[in-house]
Amino acid sequence: MGYRFTLPRDIYFGEESLAVLKNIKGKKAIVVTGGSAMQKFGWLEKTVAYLKEAGLEVKTFEGVENDPTVQTVLRGAEAMREFEPDWIVAIGGGSPIDAAKAMWVFYEYPDYKFEDLIYKVPALRNKARFAAIGSTSGTGTEVTAFAVITDPEKGIKYPLADFELTPDLAIVDPALPQSMPQKQVAYTGMDALTHAIEAYVSLFANDVCDPLALKAAKMVNDNIVLSYNGDVKARGDMHVGQCIAGMAFSNALLGITHSLAHKTGAAFSTGHVPHGCANAMYLPHVIECNAKDERAHKRYAEIADYLGLGGKDENEKVQNLINRIRELDRQLNIPHGLKEFGVNEEEFLAKKEAIAHNAVLDACTPENPRKMDDALMEKVLLACYYDTVVVD
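Throughout, residues of each chain are indexed from 1 in the direction in which the sequence is written. At least 70 in pLDDT is required for a residue's local features to be given in this predicted model, at least 80 for side-chain atom pairs to be given and counted, and no such filter applies to totals for whole chains, interfaces and linings, which use all residues. Here the side-chain values reflect all heavy atoms present in the structure, with hydrogen atoms and water set aside.

Engineer: I'd like to hear about the overall build of the chain, residue by residue, with values.
Structural biologist: By definition, any uninterrupted DSSP run of H or I lasting at least four residues is a helix, any uninterrupted run of E lasting at least two residues is a strand, and each is numbered from the N terminus. What the chain contains, in helices and strands, is 15 helices and 8 strands. Radius of gyration: C-alpha atoms only; globule rule: 2.2 Å multiplied by the number of residues to the exponent 0.38. For 392 residues, the compact-globule estimate of 2.2 N^0.38 gives 21 Å, and the C-alpha radius of gyration of the chain, at 20 Å, lies within 12% of that figure. C-alpha extents for the chain along the principal axes are approximately 60 × 45 × 40 Å. Three labels apply to residues, based on accessible area from a 1.4 Å probe with only protein chains included: buried if under 20% of the type maximum, exposed if over 50%, partly exposed otherwise in between. Considering the chain as a whole, with its 392 residues, one finds that 59% of them fall into the buried category. Excluding contacts between residues fewer than 6 apart, the proportion of contacts in the chain whose partners are at least 24 apart in sequence is 77%. Accessible area of the chain: about 15700 Å², with a carbon and sulfur share of 51%. Contact between two residues is taken to exist if any of their heavy atoms lie within 4.5 Å; hydrogens are not considered. Using the Shrake-Rupley algorithm and a 1.4 Å probe, accessible areas are obtained, with residue cover drawn only from the displayed protein chains.

Quick look at the structure:
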């Protein structure tokens, strides 16, 4: 069977690209956004103004929380059904864009069950098209077929994956991420690096996605620390790099770094583990585990070569890649494991088997280059907690 490669019909990037909203054709637009950042820095106001200049009636749905919940999605869909927009415009980080994607489904299919979304998203664009404007440099969700929604009652994240969720229009304006807090720069940037690396070693990796994954990894490697320290150009380059990573992983898919991040993010009473932070902590250990697979080992070495990390043979190149990720974590003030992050050890040990089992069942696990079972996943999870070598 062949491959499929799907992207938004239009991607606008570079300075002042947000202004393309003035050219949208439609009658009504609902703008979905998160907390106060888009309001504080004037981006929500500018978005609404551009849409009105295009002749659209505009309504806003604000306050989407980090890690959007099932409840928020259903409230947003209800607001859409009342307003009846023909454009859904999501602006902000991954959370409001992911939430808006799920709202889109329930707007067009009010009787659909949330649990069914995990397996299949019905055909969209019957009532509305979707525009995504990213303000953070990590998720790539403005160009992907994915969304992650949290069920706080079950303490689990649901990764939704279907090409129907791919936006029609993506805007990657380098001005928007300039106001990101430093910690968010670190977490989202390492999320983007994880996207690029996992896409390159995925079982679904292919000749079309590979160049995108490598280019994205290099852009992140070259710019993330500069971006963290406030360099304007580097932050703009990171915004493009993370978008390229999104193009790669939306089509080549991911692996167990994300499986574990999905299942640990909301699992512990001692505090939420941010998605990008989890990826940054787990990625070195996942590489160590997956590198036991011959094909994955070769591909990790190829990434190290492309990043110019050196090494006299494949083993050294893979280790240099692991070392580079750990060094980036250090420079970005990211912990090296869940214990250092502050997750209670007793609670972790009580929950590790269930978390490992759920991670094996995660939608990102089948494309991981090494076949996983509960026992091996638990060994990786233990290494991610104690920051030790994966023993298998």
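Engineer: So what about the packing of helix H9 (residues 256–264) against helix H14 (residues 345–360)? Which residues, and what values?
Structural biologist: One way to put it is that H9 packs onto H14 with a least axis distance of 9 Å and a crossing angle of 130 degrees. Classified by the angle their axes make, H9 and H14 are oblique. H14 is crossed by H9, and the crossing has right-handed handedness. The residues of H14 that touch H9, namely those facing Ser259, Leu260, Lys263 and Thr264, are Ile355, Asn358 and Ala359. The residue classification treats Ala, Val, Leu, Ile, Met, Phe, Trp, Tyr, Cys and Pro as nonpolar and Asp, Glu, Lys and Arg as charged. All others, Gly included, are polar. Taken together, the residues of the contact of H9 with H14 break down into 3 nonpolar, 3 polar and 1 charged. Under this scheme, a helix contributes an axis fitted over its contacting stretch, all axes are lines through C-alpha atoms, and angles between N-to-C directions fall in the 0 to 180 degree range. The cut-offs work like this: below 35 degrees is roughly parallel, past 145 is roughly antiparallel, 65 to 115 is roughly perpendicular, and the gaps in between are oblique. Each crossing is labelled by how the near helix is turned from the far one, with a counterclockwise turn of less than a right angle marking it left-handed and a clockwise turn marking it right-handed.

Engineer: Before we move on, can you summarise the pairing of strand E5 (residues 129–134) with the specific residues and values?
Structural biologist: Most of E5 is tucked away, with 5 of its 6 residues classed as buried. Pairing between strands is defined by DSSP: at least two bridges between them are needed. Sheet topology places strand E4 (residues 87–92) next to E5; 6 bridges connect them, and they run parallel. By the bridge assignment, Trp87 is partnered in E5 with Arg129. Here E5 runs beside strand E8 (residues 169–172); their pairing, made up of 3 bridges, is parallel. Along E8, the bridge assignment pairs Ala131 with Leu169.

Engineer: Go over unusual backbone geometry, please, and point to the residues and values.
Structural biologist: Peptide bonds are, in most cases, trans, and in most cases residues other than glycine have a negative phi. Positive phi values are uncommon outside glycine, yet Arg125 reaches one of about 75 degrees. Note on placement: Arg125 falls in the loop between helix H5 (114–117) and E5. Of note, Asp387 is a non-glycine position whose phi angle comes to about 55 degrees, a positive value. Here Asp387 shows up in the segment after helix H15 (374–386).

Engineer: So, the sheet that holds E8: which residues are in play, and what are the values?
Structural biologist: Taken together, the 6 strands give an open sheet; going across it, the order is E1-E8-E5-E4-E2-E3, and neighbouring strands pair in parallel fashion. The sheet is open, and its two edges are formed by strand E1 (10–13) and strand E3 (57–61), each paired on a single side. Looking at each pair of strands side by side, their axes are set apart by 15 degrees on average, direction ignored.

Engineer: Any chance you could break down empty space enclosed by the protein for me, citing the residues and the numbers?
Structural biologist: Cavity means a closed set of points on a 1 Å grid over the protein atoms alone, one where a 1.4 Å probe fits but cannot get out, pocket means an open set with protein on both sides within 12 Å along at least 5 of 7 lines, and lining means a residue has an atom within 4 Å of a point. Grid points are joined across faces, edges and corners, and a volume is the space filled by probe spheres set on the points. This model, assessed by the stated rule, comprises 1 cavity of 30 Å³ or more. Within this model, the largest cavity holds a volume of roughly 40 Å³. The wall of the largest cavity is formed by Ile197, Glu198, Val201, Ser202, Leu254, Gly255, Thr257, Leu283, Asn290, Tyr300, Asn368 and Pro369. Mapped by element, the contributors of at least two residues to the lining of the largest cavity are helix H6 (182–201) and helix H10 (275–290). If one sorts the elements of the lining of the largest cavity by residue count, H6 sits on top with 3 residues. Among the residues making up the lining of the largest cavity, the classes are represented as 6 nonpolar, 5 polar and 1 charged.

Engineer: Tell me about the packing of H6 against H9, and name the residues and values.
Structural biologist: At a minimum axis distance of 10 Å, the contact between H6 and H9 shows a crossing angle of 140 degrees. For the element pair H6 / H9, the angle class is oblique. Mapping the contact onto sequence places Asp191, Thr194, His195 and Glu198 in H6 and Ile256, Thr257 and His258 in H9. A breakdown of the residues in the contact of H6 with H9 according to their chemical character gives 1 nonpolar, 4 polar and 2 charged.

Engineer: I'd love a proper account of the packing of aromatic side chains, names of residues and values included.
Structural biologist: A pair of aromatic rings is counted whenever rings of Phe, Tyr or Trp (Trp by its six-membered ring) have centres within 6.5 Å, and the orientation is called stacked for planes under 30 degrees apart, edge-to-face for over 60 and tilted otherwise. If you walk through the whole model with that rule in mind, you get 6 aromatic pairs. What links up through ring pairs into an aromatic cluster is the set Phe268, Phe348, Tyr385 and Tyr386. Any Lys NZ or Arg CZ found within 6 Å of a ring centre and within 35 degrees of that ring's normal is scored as a charge over the ring. Just above the ring of Phe83 sits the side chain of Lys28; from NZ or CZ to the centre is 4.9 Å. One Lys or Arg, Arg299, reaches over the ring of Tyr200 and ends 4.2 Å from the middle of that ring.

Note that all results are geometric; they support no functional claim without further evidence.
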